[in-house]
Amino acid sequence: MTATVAIFTLTAEDIMGARADMLAKQFETKASELSGTIEKLSDADWKKVTAAEKWPVGVTAHHVAGSHEPISGMAKTVASGQALPPFTMAMLDEMNAKHAKDFEGCTKAETLALHQKGVASAAAIVRGLSDAELDRTGVLLTGMDKMTVQQIVEGVLINHVAEHLESIRATVGH
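Described below are features of the structure shown in this document.

Reading guide: rules and limits
- All chains use their own residue numbering, which begins from 1 and follows the written sequence.
- Whole-chain, interface and lining totals are the exception, using all residues; otherwise, since this is a predicted model, local features are given only for residues with pLDDT of at least 70 and side-chain atom pairs are given and counted only at 80 or more.
- The basis for every side-chain value is the complete set of non-hydrogen atoms in the structure, without hydrogens or water.
- Elements are defined by DSSP. Helices are runs of H or I of four residues or more, strands are runs of E of two residues or more, and each kind is numbered from the N terminus.
- When accessible area is computed with a 1.4 Å probe and restricted to protein chains, residues below 20% of their type maximum are described as buried, those above 50% as exposed, and intermediate ones as partly exposed.
- Put simply, buried Ala, Val, Leu, Ile, Met, Phe, Trp, Tyr and Cys residues joined by side-chain atoms within 4.5 Å make one nonpolar core.
- The criterion used for residue contact is that any of the two residues' heavy atoms lie within 4.5 Å.
- Only protein atoms enter the 1 Å grid used here. Points where a 1.4 Å probe fits but cannot escape make up a cavity, open sets with protein on both sides within 12 Å along at least five of seven lines make up a pocket, and a residue lines them when an atom lies within 4 Å of a point.
- Grid points are joined across faces, edges and corners, and a volume is the space filled by probe spheres set on the points.
- Polarity classes work like this: nonpolar for Ala, Val, Leu, Ile, Met, Phe, Trp, Tyr, Cys and Pro, charged for Asp, Glu, Lys and Arg, and polar for all others, with Gly in that last group.
- When charges are counted, Lys and Arg contribute as positive and Asp and Glu as negative, whereas His and the chain ends are disregarded.
- For salt bridges, the criterion is a side-chain nitrogen of Lys or Arg within 4 Å of an Asp or Glu carboxyl oxygen.
- Residues adjacent in sequence count toward polar contacts only when both atoms are side-chain atoms; beyond that, a polar contact is any pair of N or O atoms within 3.5 Å, and within protein one must be able to donate a hydrogen and the other to accept it.
- Whenever a helix is involved, its axis is fitted only over the stretch in contact; in every case the axis is a line through C-alpha atoms, and angles between N-to-C directions fall within 0 to 180 degrees.
- We call two directions roughly parallel when the angle between them is under 35 degrees, roughly antiparallel when it is over 145, roughly perpendicular when it lies between 65 and 115, and oblique otherwise.
- Crossing handedness is read from the near helix: turned anticlockwise from the far helix by less than a right angle, it gives a left-handed crossing, and turned clockwise, a right-handed one.

A closer look at the overall build of the protein chain
Now for step 1: Helix and strand counts for the protein chain come out as eight helices and two strands.
Now for step 2: When the helices and strands of the protein chain are read in sequence order from the N terminus, they spell out α-α-α-α-α-α-α-β-β-α.
Now for step 3: Each of the three principal axes of the protein chain carries a C-alpha extent, and together these read 70 × 45 × 25 Å.
Now for step 4: A buried classification covers 38% of the 174 residues belonging to the protein chain.

Considerations on the nonpolar core
Now for step 1: Ranked by internal contacts, the top residues of the largest apolar core, which has 36 residues, are F27, L34, L129, V149, V153 and L157.
Now for step 2: Elements that contribute at least two residues to this core include exactly α1 (12–40), α3 (57–65), α4 (68–79), α6 (108–127) and α8 (149–172).
Now for step 3: No other element matches α8, which puts nine residues into this core.
Now for step 4: In this structure, V153 is in contact with L23, A75, V126, L129 and I158, ignoring residues within four places of it in sequence.

Some thoughts on the layout of surface pockets
Now for step 1: When its volume is computed, the largest pocket comes out at roughly 790 Å³.
Now for step 2: If you go around the largest pocket, you meet 30 residues; those closest to its centre are I71, M74, L92, V156 and H160.
Now for step 3: Secondary structure elements with two or more residues in the lining of the largest pocket: α3, α4, α5 (89–102) and α8.
Now for step 4: Grouping the constituent residues of the lining of the largest pocket by class yields 18 nonpolar, 10 polar and two charged.
Now for step 5: Put simply, the second largest pocket is a space of about 160 Å³.
Now for step 6: Lining of the second largest pocket is provided by 15 residues; of these, Q82, A83, L84, G138 and V139 occupy positions nearest its centre.

Remarks on the side chain of E53
Now for step 1: Residue position: E53 is located in the loop between α2 (43–47) and α3.
Now for step 2: Of the side chains bearing the opposite charge, K54 lies closest to the buried E53, which forms no salt bridge; the N-O distance is 8.4 Å.
Now for step 3: Within the local environment of E53, its side chain forms a polar contact with the side chain of S167, the two groups lying 2.6 Å apart.
Now for step 4: Setting aside residues up to four positions removed in sequence, E53 forms contacts with T60, H164 and S167.

Digging into the pattern of salt bridges
Now for step 1: One pass over the full model with this rule turns up 10 salt bridges.
Now for step 2: Note that D21 is salt-bridged to R127, the shortest N-O span being 2.7 Å. With D21 in helix α1 and R127 in helix α6, this pair connects stretches of sequence that are 106 residues apart.
Now for step 3: Looking at D21, the relative accessible area reads 25%, which means it is partly exposed.
Now for step 4: K48 is the salt-bridge partner of D45, the closest N and O atoms lying 3.2 Å from each other.
Now for step 5: We classify K48 as partly exposed; its relative accessible area is 35%.

Some details on the packing of α3 against α6
Helix-helix packing is characterised by the crossing angle of the two axes and by the distance between the axes.
Now for step 1: Contact geometry for α3 and α6: axes closest at 8 Å, N-to-C directions at 20°. Classified by the angle their axes make, α3 and α6 are roughly parallel. Crossing handedness for the pair α3 and α6: left-handed. The segment α3 lies against α6, with G58, A61, H62 and A65 engaging E110, T111, L114 and H115.
Now for step 2: Of the residues in the contact of α3 with α6, the class split is three nonpolar, four polar and one charged.

Structural notes on the packing of α3 against α8
Now for step 1: Relative orientation of the contacting elements α3 and α8 amounts to 165°, with a least axis distance of 10 Å. Compared by their axis directions, α3 and α8 come out roughly antiparallel. For α3 against α8, the interelement crossing comes out left-handed. Residues V57, T60, A61, H63 and V64 of α3 form the contact with α8, whose own contacting residues are H160, V161, H164, I168, T171 and V172.
Now for step 2: Grouping the amino acids of the contact of α3 with α8 by side-chain chemistry returns six nonpolar, five polar and no charged.

Nothing here speaks to function; it is geometry throughout.
Written as structure tokens, this is what we have:
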């Protein structure tokens, strides 16, 4: 009787990328849920106003779609050891209000295209992070505690999709 034993050698790169890949997959899974929800929205659903954001569903979906790249860009900046420019909650609120006005007529097709582009870009950024970069810290919003890059990815990038998806689903009932 002969037995064959396969031995696999893991390199540092294999191990280093595992956390980043796991985070990217979590983001892609949540983003895919949003895609599926957007695709099912009727024209009437698109115009319903969410209780949480007080924006039409379409505007809320567009807001999420347009946020993937800026949020992942902030994570990448912190990961590189650079400080982000001062950014306050008031500035964020003002930016979001302007976006809601500027994109009140957005279409489902353009929102899905923006979402898909942003998901691909953000997932690539996340996958490119090493464990050391995921552990780096920086201030995201002025006046808030420092966050690790992993916390930014989980708590801001992924959670941003999850929170707004929940709001959209609550508004349209599916």
